[in-house]
Amino acid sequence: MEKQNNQPVPEQITEHTEEVNCQETPEKTYQKEVGKVNLLVNYAEDAIRILFVCTGNTCRSPMAEAIMKHMIQKDGREQDFEVLSAGLMAQAGAEASSLAWQTMSEMGLDLSWHRARQLNSYMVRDAQLIFTMTRAHKEMLSYQYPESSGKIWLITEYAEAIKNGAFDKQLQKTADGEDKTAAAAERQEASTPAPEIFDPYGYDIETYRQCAYQLQENLTMIWDFFKGARKE
């Protein structure tokens with residue numbers, strides 16, 4: 001039986017993660033989400049918990065987990081970030097697919113330790129950021145956990161937001177003390193939807209390599225932002 005993590009969310013995080021009013025305009029909602037992510041990355045007292053989600057937790061999300069963990073370990077930031085992966089329809093205990101294992105091995109990474117996990121409410125609750133591989137994953141998670149929708153992102157959309165300057169590393173404070181970011185929602189190029197992470201399951205090794213390259217490209221951009229934005 002899976003051990004449940006009942007560790008409370010740090011007070012500073014709780015203070016700044018109020019539920020987004022569903023009556024607000026998309027622009028205001030987006031700005032609030034940007035602000036919340038900025039606050040979480042910069043001011044969390046404990047490690048930032050990042051959760052990668054795909055369908056079966058045997059291909060995309062474990063590769064993303066392995067790549068991200070390698071980046072964190074390479075920079076010696078294990079005390080600041082925790083990484084986990086899970087699947088929406090996982091067969092708990094299943095190993096990573098053989099081609100995912102081979103692809104990671106070619107990159108100098110090891111997936112022999114991985115066992116698939118079924119996503120549960122505790123994982124969603126305890127994560128500060130949740131990255132999905134497709135919009136369908138994101139929509140399903142947001143529907144099942146509406147209170148957590150503000151921290152659920154398609155991984156490529158998050159990387160694009162960073163590229164477009166949506167996440168400002170420096171918070172601006174208004175006279176009344178309200179925290180805001182300098183970023184504006186219109187700086188996100190909504191007219192050009194970010195691509196999804198294609199599911200390589202059932203395809204050849206080259207498809208897995210392309211998937212891993214896509215993950216690495218996006219995660220490199222995300223990690224460069226994280227390690228620069230996180231308050232020391």
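So, how was this worked out
- Residues numbered from 1 in each chain as written.
- Predicted model: local features only at pLDDT ≥ 70, side-chain atom pairs only at ≥ 80, totals over all residues.
- Heavy atoms only, no water.
- Helix = DSSP H or I, 4+ residues; strand = E, 2+ residues; numbered from the N terminus.
- Buried < 20%, exposed > 50% of the residue type's maximum accessible area, 1.4 Å probe, protein only.
- Contact = heavy atoms within 4.5 Å.
- Areas by Shrake-Rupley, 256 points an atom, 1.4 Å probe, with all protein chains shown as cover.
- Pairing = 2+ DSSP bridges.
- Axes fitted to C-alpha atoms, helices over the stretch in contact; angles between N-to-C directions.
- Right-handed = clockwise from strand over helix to strand, strands pointing away.
- Polar contact = N/O pair within 3.5 Å; in protein donor to acceptor, adjacent residues only side chain to side chain.
- Core = buried A, V, L, I, M, F, W, Y, C linked by side-chain atoms within 4.5 Å.
- pLDDT = per-residue confidence, 0-100.
- Arc of directions from axis to C-beta.

Concerning the overall build of the protein
Here is step 1: Helix and strand content of the protein: eight helices and six strands.
Here is step 2: Start at the N end of the protein and walk to the C end: the helices and strands fall as α-α-β-α-β-α-α-β-α-β-α-β-β-α.
Here is step 3: Split into buried and exposed, the 232 residues of the protein put 48% on the buried side.
Here is step 4: Sequence separation of at least 24 residues holds for 74% of the intrachain contacts in the protein that already meet a minimum separation of 6.
Here is step 5: Accessible surface, the protein: about 12,100 Å² in total, of which carbon and sulfur atoms supply 49%.

Looking at the sheet that holds strand 3 (residues 129-132)
Here is step 1: Spatially, 2-1-3-4 is the arrangement adopted by the four strands of the open sheet, whose pairing is parallel. The sheet is open, and its two borders are formed by strand 2 (81-87) and strand 4 (152-154), each paired with just one other strand. Here the strands of the sheet are splayed against their neighbours by 25 degrees on average, with no regard to which way each runs.
Here is step 2: Where strand 3 lies against strand 4, three bridges are found, and the strand directions are parallel. Directly across from Phe-131, in strand 4, lies its bridge partner Trp-153.

Remarks on the pairing of strand 3
Here is step 1: Along strand 3, one buried face is formed by Leu-129 and Phe-131 and the opposite face, lined by Ile-130 and Thr-132, is buried too.
Here is step 2: Note that strand 1 (residues 48-54) and strand 3 share four bridges and pair parallel. Pairing of Val-53 across the sheet is with Thr-132, part of strand 3.
Here is step 3: Taken together, strand 3, helix 6 (residues 135-144) and strand 4 form a β-α-β motif whose crossover is right-handed.

Structural notes on the side chain of Ser-85
Here is step 1: In this structure, Ser-85 sits in strand 2.
Here is step 2: Engagement of the side chain of Ser-85 in a polar contact is seen with the side chain of Glu-65, the distance being 2.5 Å.
Here is step 3: The contacts of Ser-85, once residues within four sequence positions are left out, are Leu-51, Phe-52, Asn-57, Ser-61, Pro-62, Glu-65, His-114 and Arg-117.

Focus on the nonpolar core
Among soluble globular proteins, nonpolar side chains are generally buried collectively.
Here is step 1: Counting residues in each nonpolar core, the largest one holds 41 residues, and the members touching the most others are Phe-52, Met-68, Phe-131, Tyr-158, Ile-222 and Phe-226.
Here is step 2: Elements with a minimum of two residues in this core: strand 1, helix 3 (60-74), strand 2, helix 4 (98-106), strand 3, helix 7 (155-163) and helix 8 (205-229).
Here is step 3: If one sorts the elements of this core by residue count, helix 8 sits on top with ten residues.
Here is step 4: Here Phe-52 is in contact with Ser-61, Ala-64, Glu-65, Met-68, Val-83, Leu-84, Ser-85, Ala-86, Phe-131, Met-133, Ile-155 and Leu-219, once residues within four sequence places are set aside.
Here is step 5: Ranked by size, the runner-up nonpolar core spans twelve residues in total, among them Leu-51, Val-53, Ile-130 and Tyr-145.

A look at the confidence of the model for the protein
Here is step 1: Averaged over every residue, the pLDDT of the protein is 79; the share at 70 or more is 69%.
Here is step 2: Mean pLDDT values for the elements of the protein range from 30 in helix 1 (residues 11-15) up to 98 in helix 4.
Here is step 3: Low confidence marks residues 1-32, where pLDDT is under 50. Its contacts with residues over four positions away, or in another chain, come to 41 contacts.
Here is step 4: Predicted confidence is poor over residues 169-191, with pLDDT under 50, and the contacts of this stretch with residues over four places away or in other chains come to 42 contacts.

Details of the pairing of strand 1
Here is step 1: Burial analysis of strand 1 places seven of its seven residues in the buried class, which makes it a mostly covered element.
Here is step 2: Every second residue of strand 1 is oriented toward a common face, with Ile-48, Ile-50, Phe-52 and Cys-54 on one face and Arg-49, Leu-51 and Val-53 on the other, all of them buried.
Here is step 3: In this sheet, strand 2 lies alongside strand 1 in parallel orientation, the contact comprising seven bridges. When the bridges of strand 2 are listed, Cys-54 appears paired with Gly-87.

Topic: helix 6
Here is step 1: Those residues of helix 6 lying buried are His-137, Leu-141 and Ser-142. With its buried residues spanning 125 degrees around the axis, helix 6 presents them on a single face. Among the exposed residues of helix 6, those pointing more than 90 degrees away from its buried face are Glu-139 and Tyr-143.

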